[in-house]
Amino acid sequence: MPSQAFSAYRIGQGYDLHRLIPSKPLLLGGIQIDSPVGSEAHSDGDVLLHALIDALLGACGLGDIGDHFPPSDDRYKGISSVALLRLVLPLITQAGFQVVNLDSTIFLEKPKLGPYKAQIRAQLAELFGLPLDCVSVKAKTAEQFPPVGTQEAIAASVTVLLKQ
Ligand code: MG
(Lines give C-alpha, C1' and ligand atoms only; values in the text may rest on other atoms or scores of the structure.)
Protein backbone atom coordinates (compact mmCIF):
# COMPACT_ATOMS: atom_id res chain seq x y z
CA MET A 1 0.00 0.00 0.00
CA PRO A 2 1.28 3.49 -0.79
CA SER A 3 2.21 5.43 2.32
CA GLN A 4 2.07 9.16 2.87
CA ALA A 5 5.55 9.19 1.33
CA PHE A 6 4.10 7.81 -1.92
CA SER A 7 3.75 11.28 -3.38
CA ALA A 8 5.31 14.58 -2.39
CA TYR A 9 2.07 16.35 -3.34
CA ARG A 10 -1.57 15.99 -2.28
CA ILE A 11 -4.65 17.76 -3.58
CA GLY A 12 -7.80 18.27 -1.53
CA GLN A 13 -11.23 19.69 -2.23
CA GLY A 14 -14.02 20.80 0.07
CA TYR A 15 -17.56 22.08 -0.37
CA ASP A 16 -20.08 23.45 2.10
CA LEU A 17 -23.54 25.01 1.99
CA HIS A 18 -25.56 26.65 4.75
CA ARG A 19 -29.08 28.01 4.93
CA LEU A 20 -29.28 31.81 5.30
CA ILE A 21 -31.54 33.13 8.06
CA PRO A 22 -32.19 36.57 9.56
CA SER A 23 -30.41 37.80 12.67
CA LYS A 24 -27.33 35.64 12.32
CA PRO A 25 -23.84 36.96 11.57
CA LEU A 26 -22.37 36.22 8.16
CA LEU A 27 -18.71 35.22 8.48
CA LEU A 28 -16.40 34.33 5.62
CA GLY A 29 -12.81 33.42 6.32
CA GLY A 30 -13.33 34.84 9.79
CA ILE A 31 -14.32 38.25 8.35
CA GLN A 32 -17.75 39.62 9.28
CA ILE A 33 -19.82 40.61 6.24
CA ASP A 34 -22.42 43.36 6.56
CA SER A 35 -25.61 41.42 5.75
CA PRO A 36 -29.23 41.21 7.00
CA VAL A 37 -28.98 37.41 6.89
CA GLY A 38 -26.37 34.98 8.16
CA SER A 39 -25.49 31.33 8.16
CA GLU A 40 -27.62 28.85 10.15
CA ALA A 41 -25.18 26.51 11.88
CA HIS A 42 -24.06 24.71 15.00
CA SER A 43 -20.76 26.59 14.81
CA ASP A 44 -20.40 30.16 13.52
CA GLY A 45 -21.41 28.88 10.05
CA ASP A 46 -18.35 30.11 8.14
CA VAL A 47 -18.86 28.11 4.93
CA LEU A 48 -15.55 29.17 3.45
CA LEU A 49 -13.55 27.90 6.43
CA HIS A 50 -15.64 24.72 6.62
CA ALA A 51 -14.93 23.94 2.95
CA LEU A 52 -11.27 24.80 3.53
CA ILE A 53 -11.03 22.48 6.54
CA ASP A 54 -12.60 19.66 4.51
CA ALA A 55 -10.12 20.28 1.69
CA LEU A 56 -7.16 20.13 4.11
CA LEU A 57 -8.42 16.98 5.84
CA GLY A 58 -9.27 15.36 2.51
CA ALA A 59 -5.81 15.98 1.08
CA CYS A 60 -4.30 14.13 4.06
CA GLY A 61 -6.88 11.32 4.08
CA LEU A 62 -8.01 12.42 7.54
CA GLY A 63 -11.78 12.30 7.07
CA ASP A 64 -14.02 15.36 7.16
CA ILE A 65 -14.99 18.22 9.45
CA GLY A 66 -17.93 16.25 10.88
CA ASP A 67 -15.60 13.42 11.95
CA HIS A 68 -13.40 15.83 13.90
CA PHE A 69 -16.05 18.27 15.19
CA PRO A 70 -19.42 16.48 15.38
CA PRO A 71 -22.46 18.82 15.61
CA SER A 72 -23.68 16.59 18.47
CA ASP A 73 -20.67 17.65 20.56
CA ASP A 74 -21.54 20.72 22.65
CA ARG A 75 -17.86 21.68 22.87
CA TYR A 76 -18.21 23.00 19.31
CA LYS A 77 -21.52 24.83 19.73
CA GLY A 78 -21.07 28.40 18.44
CA ILE A 79 -17.32 27.88 18.06
CA SER A 80 -15.33 30.18 15.81
CA SER A 81 -14.35 28.45 12.58
CA VAL A 82 -10.97 30.19 12.84
CA ALA A 83 -10.53 28.23 16.09
CA LEU A 84 -11.52 25.01 14.27
CA LEU A 85 -8.98 25.75 11.54
CA ARG A 86 -6.31 26.33 14.20
CA LEU A 87 -7.12 22.84 15.58
CA VAL A 88 -6.82 21.30 12.10
CA LEU A 89 -3.56 22.94 10.99
CA PRO A 90 -1.38 20.90 13.42
CA LEU A 91 -2.97 17.70 12.05
CA ILE A 92 -1.77 18.66 8.57
CA THR A 93 1.71 19.38 9.91
CA GLN A 94 1.74 16.08 11.85
CA ALA A 95 0.78 14.25 8.63
CA GLY A 96 3.96 15.73 7.14
CA PHE A 97 2.42 18.30 4.81
CA GLN A 98 2.41 22.05 4.25
CA VAL A 99 0.06 24.12 2.10
CA VAL A 100 1.40 25.20 -1.30
CA ASN A 101 -1.64 27.19 -2.40
CA LEU A 102 -5.39 27.33 -2.03
CA ASP A 103 -8.11 28.43 -4.41
CA SER A 104 -11.66 29.15 -3.30
CA THR A 105 -15.02 30.24 -4.65
CA ILE A 106 -17.89 31.62 -2.56
CA PHE A 107 -21.41 31.36 -3.97
CA LEU A 108 -23.68 34.11 -2.66
CA GLU A 109 -26.36 36.21 -4.33
CA LYS A 110 -26.36 39.15 -1.91
CA PRO A 111 -24.56 41.09 -0.62
CA LYS A 112 -21.91 41.46 -3.30
CA LEU A 113 -18.58 40.24 -1.93
CA GLY A 114 -16.37 42.40 -4.15
CA PRO A 115 -15.60 44.85 -1.34
CA TYR A 116 -14.62 41.99 1.03
CA LYS A 117 -12.56 39.67 -1.19
CA ALA A 118 -9.20 41.36 -0.53
CA GLN A 119 -9.77 41.33 3.23
CA ILE A 120 -10.80 37.66 3.27
CA ARG A 121 -7.82 36.75 1.12
CA ALA A 122 -5.40 38.64 3.39
CA GLN A 123 -6.90 36.91 6.44
CA LEU A 124 -6.45 33.44 4.91
CA ALA A 125 -2.88 34.27 3.83
CA GLU A 126 -2.11 35.31 7.41
CA LEU A 127 -3.73 32.21 8.94
CA PHE A 128 -1.57 29.99 6.71
CA GLY A 129 1.55 32.15 6.67
CA LEU A 130 1.36 32.18 2.87
CA PRO A 131 2.13 34.97 0.39
CA LEU A 132 -0.97 36.58 -1.10
CA ASP A 133 -0.38 35.10 -4.55
CA CYS A 134 -0.80 31.60 -3.07
CA VAL A 135 -4.29 32.40 -1.79
CA SER A 136 -7.26 33.00 -4.05
CA VAL A 137 -10.78 34.06 -3.05
CA LYS A 138 -13.34 34.30 -5.83
CA ALA A 139 -17.05 35.13 -5.60
CA LYS A 140 -19.97 34.18 -7.81
CA THR A 141 -23.71 34.67 -7.81
CA ALA A 142 -26.13 31.95 -8.97
CA GLU A 143 -28.18 33.89 -11.53
CA GLN A 144 -31.27 33.84 -9.25
CA PHE A 145 -31.49 30.02 -9.34
CA PRO A 146 -32.16 28.25 -6.01
CA PRO A 147 -31.02 27.89 -3.36
CA VAL A 148 -28.08 30.34 -3.61
CA GLY A 149 -29.65 32.52 -6.28
CA THR A 150 -32.88 32.89 -4.31
CA GLN A 151 -30.86 34.07 -1.29
CA GLU A 152 -31.80 30.98 0.73
CA ALA A 153 -28.26 29.66 1.01
CA ILE A 154 -24.56 30.40 0.84
CA ALA A 155 -21.98 27.90 -0.41
CA ALA A 156 -18.23 27.66 -0.82
CA SER A 157 -15.84 25.42 -2.68
CA VAL A 158 -12.12 25.16 -1.91
CA THR A 159 -9.19 23.34 -3.50
CA VAL A 160 -5.82 23.05 -1.76
CA LEU A 161 -2.45 21.72 -2.82
CA LEU A 162 -0.17 20.35 -0.13
CA LYS A 163 3.47 19.24 -0.34
CA GLN A 164 5.66 17.25 1.99
MG1 MG B 1 -20.61 23.92 7.47
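Residues numbered from 1 in each chain as written. Predicted model: local features only at pLDDT ≥ 70, side-chain atom pairs only at ≥ 80, totals over all residues. Heavy atoms only, no water.

Observations concerning the sheet that holds strand 1 (residues 9–22)
What the five strands build is an open sheet, ordered 4-1-7-5-6; its pairing is mixed. The open sheet has two free edges, formed respectively by strand 4 (37–39) and strand 6 (135–140), since each of these has just one partner strand. Each adjacent strand pair in this sheet contributes to an overall mean axis angle of 20°, direction not counted. Pairing geometry for strand 1 and strand 4, over three bridges, is antiparallel. Opposite Ile21, over in strand 4, you have Gly38 as the bridge partner. Those strands touched by helix 1 (residues 47–59) are strand 1, strand 4, strand 5 (98–107) and strand 7 (153–163), and its axis lies near 155° from that of strand 1. (Pairing = 2+ DSSP bridges. Helix = DSSP H or I, 4+ residues; strand = E, 2+ residues; numbered from the N terminus. Axes fitted to C-alpha atoms, helices over the stretch in contact; angles between N-to-C directions. Contact = heavy atoms within 4.5 Å.)

What to know about the packing of aromatic side chains
Per the stated rule, a full pass over the model turns up one aromatic pair. Residues Phe69 and Tyr76 carry aromatic rings whose centres are separated by 5.1 Å and whose planes lie at 80° to one another, so their mutual orientation is edge-to-face. Tyr76 carries the same exposure label as Phe69, and that label is buried. (Phe/Tyr/Trp six-rings, centres within 6.5 Å; stacked < 30°, edge-to-face > 60°. Buried < 20%, exposed > 50% of the residue type's maximum accessible area, 1.4 Å probe, protein only.)

Quick notes on the coordination of the magnesium ion
At the metal site, the magnesium ion is ligated by Asp16 (OD), His18 (NE2) and His50 (ND1), and these contacts range over 2.1 to 2.2 Å. All donor residues of the magnesium ion come from one chain, and their arrangement in sequence is D-x1-H-x31-H. Taken together, the residues His18 in strand 1 and His50 in helix 1 connect sequence positions 32 residues apart. (Donors = N, O, S within 2.8 Å, 3.2 Å for Na, K, Ca; no water.)

Describing the pattern of salt bridges
Here the structure, examined in full by the defined rule, presents three salt bridges. Arg19 is the partner of Glu40 in a salt bridge, and the nearest nitrogen-oxygen pair spans 3.4 Å. Placement of the pair is Glu40 in the loop between strand 4 and helix 1 and Arg19 in strand 1, with a sequence separation of 21 residues. For Glu40, a relative accessible area of 40% gives the class partly exposed. The closest approach of N and O atoms between Asp73 and Arg75, which form a salt bridge, is 2.7 Å. Judged by relative accessible area, Asp73 falls into the buried class, the value being 18%. A relative accessible area of 62% means that Arg75 is categorised as exposed. (Salt bridge = Lys/Arg side-chain N within 4 Å of Asp/Glu carboxyl O.)

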